[in-house]
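Spelled out, the chains give:
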Amino acid sequence: MINKVSETKAFGGRQIRFEHQSTTLNCTMQFSVYLPPQAEHQSVPALYWLSGLTCTDENFSSKAGAQRIAAELGIALIIPDTSPRGDDVPDDPEQAYDFGLGAGFYVNATQQPWAKHYHMYDYVVTELRELVEQHLPLNHNRSISGHSMGGHGALVMALRNQNLFASVSAFAPICHPTACPWGHKAFSGYLGDDRSEWLEYDATELLLKLKSAPPMLVSQGEADNFLAEQLRPDDLDAAIQKTGITAQIERHQGYDHSYYFIASFIEQHLRFHAQHLR
């Protein structure tokens, strides 16, 4: 059961916000959807978008400028929140931006007090996917994309579920979270000290183990202030080179970590996915 919170017209389609009671996250969740005009007459493919640290389901829909191209291509946009929410959902005691609310890291937490609510991996891959395909005019062709923490989530979900996602792309993803401060903090908190569990949520490590991937596009700004310490795209590139996997990795001079970067290249990403969603 999903309840409509708001709706507005955009490029002949509909930008809608829904809420529902999530059994996976044990709380009420909101998510945003853009349905292109083609969805009025037929089922359409979907691109799942995973946002980054501190974001909600509304950042991408209001800042990326994706609806115009999605309307042209006939692709729905499915935009979940970045973490569970609610009065009883635990947050970082120090209220840091990179852990707790708004920072679910798309993992299934095993440690207390996070394990009751923080299961964003299962939420996106299973519960939300099944929910929107049941209630909205979507076919079973789907791809996934994301930014920063969400780019990490998109890569991991696509690599671990190659039967579900036709293609994957990412803007400035956290490529090697087991080797960066953001990842160390999140994984030790949500998953504990067993680093073998961490590896299941690390795109660089998964590539080395799986040696296969769906069609992949990664865009990285060279003026990104998180580039060397947190994002580590060179590690992902090295894994791709070592395994011989075909992937499109692009560096863009002068671009930073912001939504200006995403808005500049979202059309390219949508057209990339459209090739694989037919």
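Student: Honestly, the overall build of the chain in this entry has me stumped. Any pointers?
Tutor: Of the regular secondary structure elements, the chain holds 10 helices and nine strands. Relative to its 278 residues, the chain shows a buried fraction of 59%. Taking contacts inside the chain between residues at least 6 apart in sequence as the whole, the part at least 24 apart equals 72%. Accessible surface, the chain: about 11000 Å² in total, of which carbon and sulfur atoms supply 46%. Charge separation in the chain, taken as the distance between the mean sites of 20 positive and 32 negative side-chain charges, equals 6 Å.

Student: Help me understand the packing of helix 7 (residues 203-210) against helix 9 (residues 233-243) in this model?
Tutor: Helix packing geometry: the angle between the two helix axes and the distance between the axes. Packing of helix 7 against helix 9 leaves a shortest axis separation of 9 Å and a crossing angle of 5°. In terms of orientation, helix 7 lies roughly parallel with respect to helix 9. Contact residues: Ala203, Thr204, Leu207 and Leu208 in helix 7; Asp235, Leu236, Ala239, Ile240, Lys242 and Thr243 in helix 9. Across the contact of helix 7 with helix 9, the residue classes break down as six nonpolar, two polar and two charged.

Student: Could you clarify how one ought to interpret the packing of aromatic side chains in this entry?
Tutor: Tallied over the entire structure, the rule returns 18 aromatic pairs. Ring geometry for Trp114 versus Tyr118: centroids 5.5 Å apart, planes at 85°, classification edge-to-face. One exposure class covers both Trp114 and Tyr118, and it is buried. Ring centres of Phe261 and Phe265 lie 5.7 Å apart, and the angle between their planes is 65°; this geometry places the pair in the edge-to-face category. With Phe261 and Phe265 both in helix 10 (residues 259-276) and four residues apart, this pair spans about one turn of that helix. Per residue, the accessibility class of Phe261 equals that of Phe265, and both read buried. An aromatic cluster is defined as three or more aromatic residues linked by ring pairs; in this entry it consists of Trp49, Phe60, Phe171, Tyr255, Phe261 and Phe265. The ring of Tyr121 is capped by Arg160, whose NZ or CZ atom sits 4.3 Å from the centre of that ring.

Student: Is there a simple way to explain the side chain of Asn139 in this structure?
Tutor: Counting through the fold element by element, Asn139 comes out in strand 6 (residues 138-147). Looking at Asn139, its side chain comes within polar contact range of the main-chain nitrogen of Asn141, at 2.9 Å. Contacts of Asn139, omitting those with residues within four sequence positions, involve Ser43, Val44, Pro45 and Glu133.

Student: Even after reading the chapter, I still don't get the packing of helix 4 (residues 149-160) against helix 7, so can you show me in this structure?
Tutor: Where helix 4 meets helix 7, the closest approach of the two axes is 9 Å, and the angle between their N-to-C directions is 20°. It follows that helix 4 is roughly parallel to helix 7 by the angle criterion. Where helix 4 crosses over helix 7, the handedness of that crossing is left-handed. Residue-level contacts link Leu155, Val156, Leu159 and Arg160 of helix 4 to Ala203, Leu206, Leu207 and Leu210 of helix 7. Across the contact of helix 4 with helix 7, the residue classes tally to seven nonpolar, no polar and one charged.

Student: Is there a simple way to think about the pattern of salt bridges in this case?
Tutor: Opposite charge on two side chains makes pairing possible when the charged atoms of those side chains draw close. Scanning all chains against the criterion turns up 15 salt bridges. In this structure, the salt-bridge partner of Glu40 is Arg14, at a minimum N-O distance of 3.3 Å. Taken together, the positions of Glu40 in the loop between strand 3 (27-35) and strand 4 (44-50) and Arg14 in strand 2 (residues 13-22) put the pair 26 residues apart, joining distant regions of the chain. Its salt-bridge partner being Glu267, residue Arg68 comes within 3.7 Å of it at the nearest N-O pair. Remark: Glu267 occurs in helix 10 and Arg68 occurs in helix 2 (residues 67-73); sequence separation between them is 199 residues. Residues participating in the shared-partner salt-bridge network are Lys4, Glu7, Arg14 and Glu40.

Student: I would appreciate a short explanation of the nonpolar core in the present structure.
Tutor: Core analysis: the biggest nonpolar cluster contains 69 residues, and Phe31, Phe105, Leu138, Ile144, Met157 and Tyr190 have the highest contact counts within it. Tallying contributions element by element places helix 3 (residues 120-135) first for this core, with eight residues. Grouped together as the second largest cluster of nonpolar side chains are 23 residues, Leu47, Cys55, Ala70 and Ile75 included.

Student: Please clarify how the pairing of strand 4 should be interpreted in this entry.
Tutor: For a regular strand, side-chain orientation follows a simple rule: the groups alternate between the two sheet faces. Extensive coverage of strand 4 is indicated by the burial of seven of its seven residues. Judged from the three bridges that link them, strand 4 and strand 5 (residues 76-80) form a sheet pairing that is parallel. Each residue of the ladder has a partner; that of Leu47, found in strand 5, is Leu77.

Student: Looking at this structure, how should I read the environment of Thr28?
Tutor: Residue position: Thr28 is located in strand 3. Under the relative-accessibility criterion, Thr28 is labelled partly exposed at 40%. Each C-alpha atom, one on Thr28 and one on Phe265, is 33 Å from the other, the two residues being 237 residues apart in sequence. Setting aside residues up to four positions removed in sequence, Thr28 forms contacts with Glu19, His20, Gln21 and Arg85. A distance of 2.8 Å separates a polar atom in the side chain of Thr28 from a polar atom in the side chain of Gln21.

Rules used throughout
Residues numbered from 1 in each chain as written. Predicted model: local features only at pLDDT ≥ 70, side-chain atom pairs only at ≥ 80, totals over all residues. Heavy atoms only, no water. Helix = DSSP H or I, 4+ residues; strand = E, 2+ residues; numbered from the N terminus. Buried < 20%, exposed > 50% of the residue type's maximum accessible area, 1.4 Å probe, protein only. Contact = heavy atoms within 4.5 Å. Areas by Shrake-Rupley, 256 points an atom, 1.4 Å probe, with all protein chains shown as cover. Lys, Arg positive; Asp, Glu negative; His and termini not counted. Charge placed at Lys NZ, Arg CZ, Asp CG, Glu CD. Axes fitted to C-alpha atoms, helices over the stretch in contact; angles between N-to-C directions. Parallel < 35°, antiparallel > 145°, perpendicular 65-115°, else oblique. Nonpolar A, V, L, I, M, F, W, Y, C, P; charged D, E, K, R; others polar. Phe/Tyr/Trp six-rings, centres within 6.5 Å; stacked < 30°, edge-to-face > 60°. Lys NZ or Arg CZ within 6 Å of the ring centre and 35° of its normal. Polar contact = N/O pair within 3.5 Å; in protein donor to acceptor, adjacent residues only side chain to side chain. Left-handed = near helix turned anticlockwise from the far one by under 90°. Salt bridge = Lys/Arg side-chain N within 4 Å of Asp/Glu carboxyl O. Core = buried A, V, L, I, M, F, W, Y, C linked by side-chain atoms within 4.5 Å. Pairing = 2+ DSSP bridges.

These values are about where atoms sit, not about what they do.
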